[in-house]
Amino acid sequence: MTELSPNRLLDAINSPDDLKGRSRAELKQIAQEVREEVIDVVSVTGGHLGSGLGVVELTVAIHAVFDAPDDKLIFDVGHQCYPHKILTGRRDQMRTLRQGGGLSGFTKRDESEYDPFGAAHASTSISAGFGFAKARDLQGKDNDVICVIGDGAMTAGMAYEAMNNAGADKSRLIVILNDNDMSIAPPVGAMSNYLSKLVSSRPYRGLRKIAKKMVSPMGLESPARRAEEYLRGFAMGGTLFEELGFYYIGPIDGHDLDTLIPILENVKAMREGPILIHAVTQKGKGYTHAENSADKYHGVSKFSVITGEQAKAKPKAPAYQKVFGQTLTKLAESDPKICTITAAMPSGTSTDIFEKSFPERSFDVGIAEQHAVTFAAGLAADGMRPFCAIYSTFLQRGYDQVVHDVAIQRLPVRFAIDRAGLVGADGPTHAGSFDIGFMGALPGMVCMAAADEAELARMVLTAAQIDDRPSAFRYPRGEGTGIAIPDLLLPLEIGKGRVLREGTTIALLSYGTRLQEALKAAEMLSAQGLSVTVADARFAKPLDTELVERLAKNHEVLITLEEGATGGFGSFVLEHLARVGALDRGLRIRPMTLPDEFQNHDTPDAMYEAAGLTARHIAARAIEALGRGDIAEIDRLARA
Ligand SMILES: Cc1ncc(C[n+]2csc(CCOP(=O)(O)OP(=O)(O)O)c2C)c(N)n1
Ligand SMILES: CC(=O)[C@@H](O)[C@H](O)COP(=O)(O)O
Ligand SMILES: [Mg+2]
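Throughout this description, residue numbers start from 1 for each chain and increase along the sequence as written. A letter from A marks each chain and a number from 1 marks each ligand, given out in the order of writing. The predicted nature of this model means local features are confined to residues of pLDDT at least 70 and side-chain atom pairs, given and counted, to a pLDDT of 80 or more, with totals for whole chains, interfaces and linings taken over all residues. Values shown for side chains rest on all heavy atoms present in the structure; no hydrogens or waters enter the calculation.

**Q** I tried to follow the nonpolar core on my own but got confused; where do I start?
**A** Most often, soluble globular proteins have nonpolar side chains that are buried together. In this structure, Ile30, Leu49, Ile62, Ile176, Ile277 and Tyr287 are the most contacted members of the largest nonpolar core, which totals 55 residues. Going along the chain from the N terminus, every DSSP run of H or I of four or more residues is numbered as a helix, and every run of E of two or more is numbered as a strand. For this core, the leading source of residues is helix α1 (residues 24-45), giving eight residues. Any two residues whose heavy atoms approach within 4.5 Å at even a single point are treated as in contact. The residues contacting Leu49, other than those within four sequence positions of it, are Val38, Ile39, Val42, Tyr287, Tyr297, His298, Val300 and Phe303. By size, the runner-up hydrophobic cluster in this structure holds 51 residues, among which are Ala372, Val406, Tyr511 and Leu587. The nonpolar core is taken to be a set of buried Ala, Val, Leu, Ile, Met, Phe, Trp, Tyr and Cys residues, with the residues joined through side-chain atoms within 4.5 Å. Accessible area is worked out with a 1.4 Å probe on protein chains only. A residue is then buried under 20% of its type maximum, exposed over 50%, and partly exposed in between.

Structural data, given as structure tokens:
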């Protein structure tokens, strides 16, 4: 517990209304207390820290000036929303953050009326905000719409699509660019350089102060406005945002309530739009350990507030992402054509391991998955071996590019699909549930799923050798099984699975890391005298049809397993067996997938238990299909 400020004003803040009428000094104290609360909460729950600390004053100022929930406040990504949740009546639930049944780590419509739009994937706020603005106009309402978007999120094309549309429309919309000069890693790209120039242009800031004094609430066409336009144009030749039709205000100090509040009050009074306020903030502000950390404590596990030490258990095995990064780096030593592309997630995907050895062939394109995929296609089209490392959930953003620019042209882009399956605390927005279906549907795509880290290493090597078509290999978040990874890696035979246990009655055919649960289920079933085969498909495409037909022919029950939604591996198997008539002789086949619903956050184990994809569920399903065996015994074994 941090040393809390005495006479806590925050105890009396149960909604933004309680901020109204507060003196500036009181608002500053409330901001400090909110900051302390965020640090204290996240030290206990873990989660996203740096970004929330960077928007404490901004959030207090917005809620002091505007009238949520009538005024719509939309956070981009939403990972910075903890101060917002504290100020909007959820303070007493904050210690349930990102836990089963607890608060989401992002804004969420069904969690609060103060969260008008859910987030978690970046760069959606301006599009959504413009939708709210037009809905307001068309229904004759008069509320304000405020979008808070970070400099990292501003590197995604979607933000410009929205500004291009909103800028021409002139509907009233307020965009606050929260510029802390950080993404998860330091920001990349020309946009970041541009913002730095805006922020660092001293003369402009001087002119700005004069102009600011002149801005009156009389609206945009006041003499002050014209003068300010002149000053701005003179100083900076107009800003990118002005050219896009936004009235640009900034850069301003995003931690100074004496600046923020008058400007927000002015903007509120202007009743014109669209307006972009460029607020300069510091990620991790007010917590030294975060401020001094390279990643500004973007995402942290529980930690000691005093020392900043995070309580990370010693890993029992290397994380899958590390195995990917290390394996590819090793391969690249003898293959100068191998290169990596990440969309602003170098540490999360471990392409930063590769980047340390081969900086000239490691690309961080920013939050720009669509560009990442087609950029990789360009690299492949001219002889390189690009590995596009994108979380399953974020690859969804670049799917058309996978189809149109990679698959149709049969370009050998390799997709390292990280965070496959359920990811836990980040919840439904980050689940890697759909890539088996959407990648497996594409003609020519090679689709692999690693059952463990040794398999992953072999799949990286296998993909590196596939030069005539695109390929993809998926693997989960977190640590591996601890299995040894051989020094001498051998490539897999394309389209061939493997049998780990031979039986005659029940066949368990796994795709991905459910294999460990399948092996446990086989033990439970064999304890009842049931003979079980366990096989690892390795490939969803091309499917090992010989293996699938053999399992169907020689067993009474065939169960398929995958960490993915319906319409994936199990469907591919079912379709094939139907096509070859293997279902005609009464085979009892049971595809086991994630349930057809979006699953709320919890621990991954709890989520797979809820999804019905653990050993006991597999064994019970086999007994149900077979029509003989003791399910109660299975449950007893599972509890033992
Ligand atoms: C489409 C998409 N790609 C990647 C991510 C992963 N991600 C989460 S936050 C973040 C950085 C956001 O930077 P910024 O918008 O500047 O916010 P800050 O953390 O600096 O407050 C990234 C890359 C994401 N949420 N959405
Ligand atoms: C907010 C966001 O999208 C990222 O910070 C994400 O939470 C990272 O996920 P991992 O923790 O799995 O890298
Ligand atoms: Mg940022």
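**Q** I would appreciate a short explanation of the domain arrangement of the protein chain in the present structure.
**A** Interface extent is often summarised as the accessible area lost during association of the parts. Throughout the structure description, domain borders are defined by an automatic or database domain assignment. In terms of domain boundaries, the protein chain breaks down into domain 1 (10-300), domain 2 (320-474) and domain 3 (498-639). Placing a centre on the C-alpha atoms of domain 1 and another on those of domain 2 gives a separation of 33 Å. With 20 residues of domain 1 at the interface, the matching set in domain 2 holds 19 residues. By buried area we mean the combined loss of accessible area, with a 1.4 Å probe, across both parts when two parts are placed together. Both sides together, the interface formed by domain 1 and domain 2 hides about 1,300 Å², and carbon and sulfur atoms give 56% of it. A per-residue breakdown of the area domain 1 buries against domain 2 is headed by Arg98, His121 and Val188, which together make up 37% of the total. What counts as a salt bridge is simple: a side-chain nitrogen of Lys or Arg found within 4 Å of a carboxyl oxygen of Asp or Glu. Applying the counting rule to domain 1 against domain 2 returns one salt bridge. Ionic pairing is found between Arg98 and Asp426, a salt bridge with its closest N-O pair at 2.8 Å. Counted as a polar contact is a pair of N or O atoms within 3.5 Å, where, for protein atoms, one must be capable of donating a hydrogen and the other of accepting one, and residues adjacent in sequence contribute only when both atoms are in side chains. Across the domain 1-domain 2 interface, the total number found is six residue pairs in polar contact (both at pLDDT 80 or more). Looking at side-chain class alone, the side of domain 1 that touches domain 2 contains 10 nonpolar, seven polar and three charged residues. Gly is placed with the polar residues, together with every amino acid not listed as nonpolar (Ala, Val, Leu, Ile, Met, Phe, Trp, Tyr, Cys and Pro) or charged (Asp, Glu, Lys and Arg).

**Q** When you look at the layout of surface pockets in this model, what are you seeing that I'm missing?
**A** Take a probe with the size of a water molecule and roll it over the atoms, and the empty space left behind shows itself. Here the second largest pocket is characterised by a volume of approximately 270 Å³. Of the two site types, the cavity is a set of points on a 1 Å grid over the protein atoms alone where a 1.4 Å probe fits but cannot get out, and the pocket is an open set with protein on both sides within 12 Å along at least five of seven lines, each lined by residues with an atom within 4 Å of a point. Taken together, 15 residues form the lining of the second largest pocket, with Thr327, Lys330, Pro486, Asp487 and Leu489 sitting closest to its centre. Of the residues that constitute the lining of the second largest pocket, the class distribution is nine nonpolar, three polar and three charged. Grid points are joined across faces, edges and corners, and a volume is the space filled by probe spheres set on the points.

**Q** Looking at this model, I keep getting lost on the site of ligand 2. Mind explaining?
**A** Around ligand 2, the surrounding shell consists of His48, Val77, Phe106, Ala120, Ile184, His298, Tyr391, Phe394, Arg419, Asp426, His430 and Arg477. Separating an oxygen atom of ligand 2 from a side-chain N or O atom of His48 is a distance of 2.9 Å. His298 is positioned with one of its side-chain polar atoms (N or O) 2.8 Å from an oxygen atom of ligand 2. Residue burial considers only the protein chains on display, and all accessible areas are found by Shrake-Rupley using a 1.4 Å probe. Relative to its unbound accessible area of 360 Å², ligand 2 is 85% covered by the protein chains. Residues are classed as near a molecule or strand on a simple rule: at least one heavy atom within 4 Å of it.

**Q** Help me understand the UniProt feature "binding site: Mg(2+)" (unreviewed entry) in the protein chain in this model?
**A** Here, UniProt's "binding site: Mg(2+)" (unreviewed entry) annotation points to Asp151 and Asn180. What stands out for the annotated residues spanning 30 residues is how close their C-alpha atoms remain, the widest pair being 6.9 Å apart. Ignoring any residue separated from it by four or fewer positions in sequence, one finds Asp151 in contact with Leu177, Asn178, Asp179, Asn180, Asp181, Met182, Pro187 and Leu195. Within polar-contact distance, the side chain of Asp151 engages the backbone nitrogen of Asn180 at 3.3 Å. UniProt positions are given in the numbering used here, feature names are shortened, and annotations may be inferred rather than shown by experiment.

**Q** What exactly am I supposed to notice about the packing of aromatic side chains here?
**A** Aromatic rings in a pair are described by how distant their centres are and how their planes are angled relative to each other. Stacked, edge-to-face and tilted labels apply to pairs of Phe, Tyr and Trp rings (six-membered ring for Trp) whose centres lie within 6.5 Å, assigned for plane angles under 30 degrees, over 60, and everything in between, in that order. If you walk through the whole model with that rule in mind, you get 16 aromatic pairs. Ring centres of Phe241 and Tyr248 lie 5.9 Å apart, and the angle between their planes is 5°; this geometry places the pair in the stacked category. Relative accessible area serves as the criterion here: at 0%, Tyr248 is assigned to the buried category. Centre to centre, the rings of Tyr511 and Phe569 are 5.0 Å apart; their planes meet at 15°, and the pair counts as stacked. With Tyr511 in strand β15 (residues 506-511) and Phe569 in helix α23 (residues 569-579), this residue pair connects regions lying 58 residues apart in the sequence. Residues Tyr511 and Phe569 agree in their burial class; the two are buried. Every member of this aromatic cluster is reached through a ring pair, and the members are Phe324, Phe387, Phe473 and Tyr475. Charges are assigned to positions over rings by a cutoff of 6 Å between ring centre and Lys NZ or Arg CZ, combined with an angular limit of 35 degrees from the ring normal. Stacked on the ring of Tyr608, the Lys or Arg Arg514 has its end atom at 3.9 Å from the ring centre.

**Q** Would you mind showing me how to read the side chain of His576 here?
**A** Summarising the element assignment, His576 is placed in helix α23. Its relative accessible area of 11% is what places His576 among the buried residues. If sequence neighbours within four positions are ignored, His576 has contacts with Leu543, Thr545, Val548 and Glu549.

**Q** It is not clear to me how the site of ligand 1 should be interpreted in this structure. Could you clarify?
**A** Taken together, 22 residues lie around ligand 1, and His79, Ala120, Gly152, Lys283 and Glu369 are the ones closest in. Between Ala122 and ligand 1, the recorded distance is 2.9 Å, taken from a backbone N or O atom to a nitrogen atom. Residue Asn180 places a side-chain N or O atom 2.9 Å away from an oxygen atom belonging to ligand 1. When ligand 1 sits alone it has 580 Å² of accessible area, and the protein chains cover 97% of it. Counted by class, the shell around ligand 1 contains 10 nonpolar, eight polar and four charged residues. Mapped onto the domain boundaries, the shell around ligand 1 takes at least three residues apiece from domain 1 (10-300) and domain 2 (320-474).

**Q** Mind showing me how you'd approach the sheet that holds strand β2 (residues 72-75) here?
**A** To summarise the sheet geometry, strands pair through backbone hydrogen bonds and adopt either a parallel or an antiparallel arrangement. Taken in spatial order, the five strands line up as β2-β3-β4-β6-β5 in an open sheet, and their pairing is parallel. The two strands at the open ends of the sheet, each matched to only one other strand, are β2 and β5 (247-253). Neighbour to neighbour, the strand axes of the sheet diverge by 20° on average, direction disregarded. Throughout, an axis means a line fitted to C-alpha atoms (over the contacting stretch in the case of helices), and angles, computed between N-to-C directions, take values from 0 to 180 degrees. Its contacts with the sheet put helix α11 (residues 257-270) on β4 (174-179), β5 and β6 (275-280), and the angle it makes with β5 is roughly 165°. For two strands to be treated as a pair, DSSP must find no fewer than two bridges joining them.

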